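Observations on the model geometry
Each chain, letter by letter, is given below.
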Amino acid sequence: MKSIGEWIFSQLVSRPIVASSAPLLVSSRDGDSTDSQVEYSGSGDTTSNSLALHIENLTSDTYVENHSAPASETVGEDTNHPPKTIGGSKLDPVSRIQHLQVTFLRLLQRFGLSSDDILVAKVLYRMHLATLIKADDDANLTRADNLRVDKAKRLAAEQEASGLPPLDFSIRVLVLGRTGVGKSATINSIFGQSLAVTDAFQPGTNDVVEVMGTINGVKISVIDTPGLLPLSADSVRRNRKILLSIKRFVRKTPPDIVLYVERLDLINTSCSDLPLLKQITDVFGSGIWFNTILVMTHSSSALPEGPNGYPVNFESYAARCSDVLQNNIHQAVADSRLENPVLLVENHTHCRRNSKGEKILPNGQDWKSNFLLLCLSSKVLGDVNALMLRTKLMEFFHCLKLKKMSMISCPLLEF
């Protein structure tokens, strides 16, 4: 019979919440537009189901296995952890998770995102389960149960109104993809300014370049990279050189989110990305795909004709293209359990805009709000997952010490 802790942990890493791998086309949000302040530095109707699947990846056994693999097989070591102290006082794991919960709710308010969204509910649910897992005695269990969502929302509203404590939150994003798919244009759309170099006739980015700035007080860093070429005898060496330079760039400070960019209007007609995806996996390790968003640009392009001679449905076409790319990733990592969220994007200067001036998709949805919600959710749950893994390892070594076991006989654990 399972203990309460074992049952809660099984819920946290249970089967996928939803069975659909449909692209990210969440309901339109009319949040306040976000003013951006950016500086530049260089070097050498579908629901939010795919988002929920991505959140499941963050708390799954597969994610833990891949993110505790040797450093040579992953993007890098996570150095951005939840705060260990507030006001000079050391925080226990339950307090640190609750602090992240309030921070998440403050961020939703700041970006004008609804706290009633189904994805938000799933994130808060998993964070609450994490606090119950880390509650090691009755007092902590009571404290973990006391901070209900409504109470956390009130606390977040009070903190946002007063501005205290200051909100210290940052997101680091790595952008990968073939040349000419719109990586730099997507970065410019995120910040609302033309910062990354774009060129319709030749590659616009020749070096790994980092664009840093703030959006509504949140520090966002986006790493633009040179475009990769479809794999051939001539491009293998060039692509590997680029990928290794990216790996060196992010070694000390790995990204929280990876965007793999592809064109929606070409994915069915272009050559298969599978050899390129395998090369990316060989260089970075399969763990890179467990925090990756599949970005489909040119989403307002003319739709192809169906068998009846009329253009196909936008949502069904996007889902079919997403499946093609997702299946290639499954083959590249040899794991069909992975489900990446899909973000549809339109960067054209003449595309439709909503009343807030944000670029929208053909179905009227604001893709930038979708992007922000996904990034915030992924980063917060990634921090929770890292905290739980780290404390689990500490408990393991503490147990060894109590049992006076020799460390020589213990399996090597990578941090």
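A brief look at the structure comes next. (Residues numbered from 1 in each chain as written. Predicted model: local features only at pLDDT ≥ 70, side-chain atom pairs only at ≥ 80, totals over all residues. Heavy atoms only, no water.)

Within the protein chain, the secondary structure is distributed over 12 helices and nine strands. The proportion of buried residues among the 415 residues of the protein chain is 51%. Looking at the protein chain as shown, the accessible area adds up to about 19,700 Å², and 53% of this sits on carbon and sulfur atoms. (Helix = DSSP H or I, 4+ residues; strand = E, 2+ residues; numbered from the N terminus. Buried < 20%, exposed > 50% of the residue type's maximum accessible area, 1.4 Å probe, protein only. Areas by Shrake-Rupley, 256 points an atom, 1.4 Å probe, with all protein chains shown as cover.)

Next up on the list: the pairing of strand 8 (residues 292-297). Counting buried residues along strand 8, six of its six residues qualify, which places the element largely inside the surrounding structure. Alternating positions in strand 8 separate into two faces, Thr-292, Leu-294 and Met-296 on one and Ile-293, Val-295 and Thr-297 on the other, with burial throughout. Bridging between strand 7 (residues 257-263) and strand 8 involves six bridges; their strand directions are parallel. Following the sheet pairing, Arg-263 is matched in strand 8 by Thr-297. With three bridges connecting them, strand 8 and strand 9 (residues 342-344) associate as parallel partners. What sits directly across from Val-295, in strand 9, is Leu-343. (Pairing = 2+ DSSP bridges.)

Relative orientation of the contacting elements helix 4 (residues 93-110) and helix 12 (residues 367-402) amounts to 175 degrees, with a least axis distance of 11 Å. For the element pair helix 4 / helix 12, the angle class is roughly antiparallel. Taken together, the residues of helix 12 that come into contact with helix 4 (itself represented by Pro-93, Arg-96, Ile-97, Leu-100, Phe-104, Leu-107 and Leu-108) are Leu-373, Leu-376, Ser-377, Val-380, Asp-383, Val-384, Leu-387, Arg-390 and Thr-391. Among the residues making up the contact of helix 4 with helix 12, the classes are represented as 11 nonpolar, two polar and three charged. (Axes fitted to C-alpha atoms, helices over the stretch in contact; angles between N-to-C directions. Parallel < 35°, antiparallel > 145°, perpendicular 65-115°, else oblique. Contact = heavy atoms within 4.5 Å. Nonpolar A, V, L, I, M, F, W, Y, C, P; charged D, E, K, R; others polar.)

Our focus in this paragraph is the environment of Arg-178. As for its placement among the helices and strands, Arg-178 is situated in the loop between strand 4 (170-177) and helix 8 (183-191). The exposure class assigned to Arg-178 is buried, which follows from its relative accessible area of 11%. Considered as a pair, Arg-178 and Pro-230 are 52 residues apart in the sequence and their alpha carbons are 7.1 Å apart. At a separation of 2.8 Å, a polar atom in the side chain of Arg-178 contacts the side chain of Glu-262. (Polar contact = N/O pair within 3.5 Å; in protein donor to acceptor, adjacent residues only side chain to side chain.)

So, about the pattern of salt bridges. Counted under the stated rule, the structure contains 10 salt bridges. In this structure, the salt-bridge partner of Asp-116 is Lys-153, at a minimum N-O distance of 3.6 Å. Of this pair, Asp-116 sits in the loop between helix 4 and helix 5 (118-134) while Lys-153 sits in helix 7 (residues 149-162); the two residues are 37 residues apart in sequence, bridging distant segments of the chain. By relative accessible area, Lys-153 is classed as partly exposed at 27%. For Asp-256, the salt bridge is made with Lys-379, and the minimal N-O distance between the two is 3.9 Å. (Salt bridge = Lys/Arg side-chain N within 4 Å of Asp/Glu carboxyl O.)

Contact geometry of helix 5 with helix 12 gives a least axis separation of 11 Å together with a crossing angle of 15 degrees. One element, helix 5, and the other, helix 12, form an angle in the roughly parallel class. When the axes of helix 5 and helix 12 are compared, the crossing they make is left-handed. Contacts from Leu-119, Val-120, Val-123, Arg-126, Met-127, Ala-130, Ile-133 and Lys-134 in helix 5 reach Leu-373, Ser-377, Val-380, Leu-381, Val-384, Met-388, Thr-391, Lys-392 and Glu-395 in helix 12. Split by residue class, the contact of helix 5 with helix 12 holds 11 nonpolar, two polar and four charged. (Left-handed = near helix turned anticlockwise from the far one by under 90°.)

Okay, the nonpolar core next. Judged by nonpolar contacts, the single largest core of 89 residues is most densely connected at Leu-259, Tyr-260, Ile-280 and Trp-289. Considering each element in turn, this core owes the most residues, 12 residues, to helix 12. Each of two domains, domain 1 (91-167 + 370-401) and domain 2 (169-365), supplies a minimum of three residues to this core. In this structure Tyr-260 touches Leu-176, Gly-177, Asp-273, Leu-276, Leu-277, Ile-280, Trp-289, Thr-292, Ile-293, Leu-294, Val-295 and Leu-325, once residues within four positions along its chain are discounted. (Core = buried A, V, L, I, M, F, W, Y, C linked by side-chain atoms within 4.5 Å. Domains from an automatic or database assignment.)

What follows covers unusual backbone geometry. Of the consecutive residues Leu-164 and Pro-165, the connecting peptide bond is found in the cis state with omega at -5 degrees. Phi is positive for Asn-216, close to 55 degrees, though the residue is something other than glycine. Tracing the sequence through the fold places Asn-216 in the loop between strand 5 (209-215) and strand 6 (218-224). Even without being a glycine, Ala-334 presents a positive backbone phi close to 55 degrees. Relative to the helices and strands, Ala-334 is located in the loop between helix 11 (314-333) and strand 9.

Counted at 1.5 Å a residue, the expected span for helix 12 with its 36 residues is 52 Å, and the 52 Å between its end C-alpha atoms agrees. For helix 12, the tally of buried residues reaches 26 of 36 residues, placing the bulk of the element in the interior. One side-chain oxygen of the residue at the start of helix 12 lies 3.1 Å from the amide nitrogen of Lys-368, identifying that residue as Asp-366. (Expected span 1.5 Å × (residues − 1).)

Under the criterion given, the structure shown has one aromatic pair. Ring centres of Tyr-260 and Trp-289 lie 5.7 Å apart, and the angle between their planes is 70 degrees; on these two criteria the pair is classed as edge-to-face. In this pair, Tyr-260 sits in strand 7 while Trp-289 sits in the loop between helix 10 (274-284) and strand 8, placing the two residues 29 residues apart along the sequence. As far as the burial class goes, Tyr-260 and Trp-289 line up, both buried. (Phe/Tyr/Trp six-rings, centres within 6.5 Å; stacked < 30°, edge-to-face > 60°.)

Summarising burial for helix 10: eight of the 11 residues are buried, a large majority. All buried positions along helix 10 are accounted for by Leu-274, Leu-276, Leu-277, Gln-279, Ile-280, Thr-281, Val-283 and Phe-284. Buried residues along helix 10 sit against strand 4, helix 9 (235-250), strand 7 and helix 11. Within two residues after helix 10, Gly-285 carries a phi angle of roughly 90 degrees, on the positive side.

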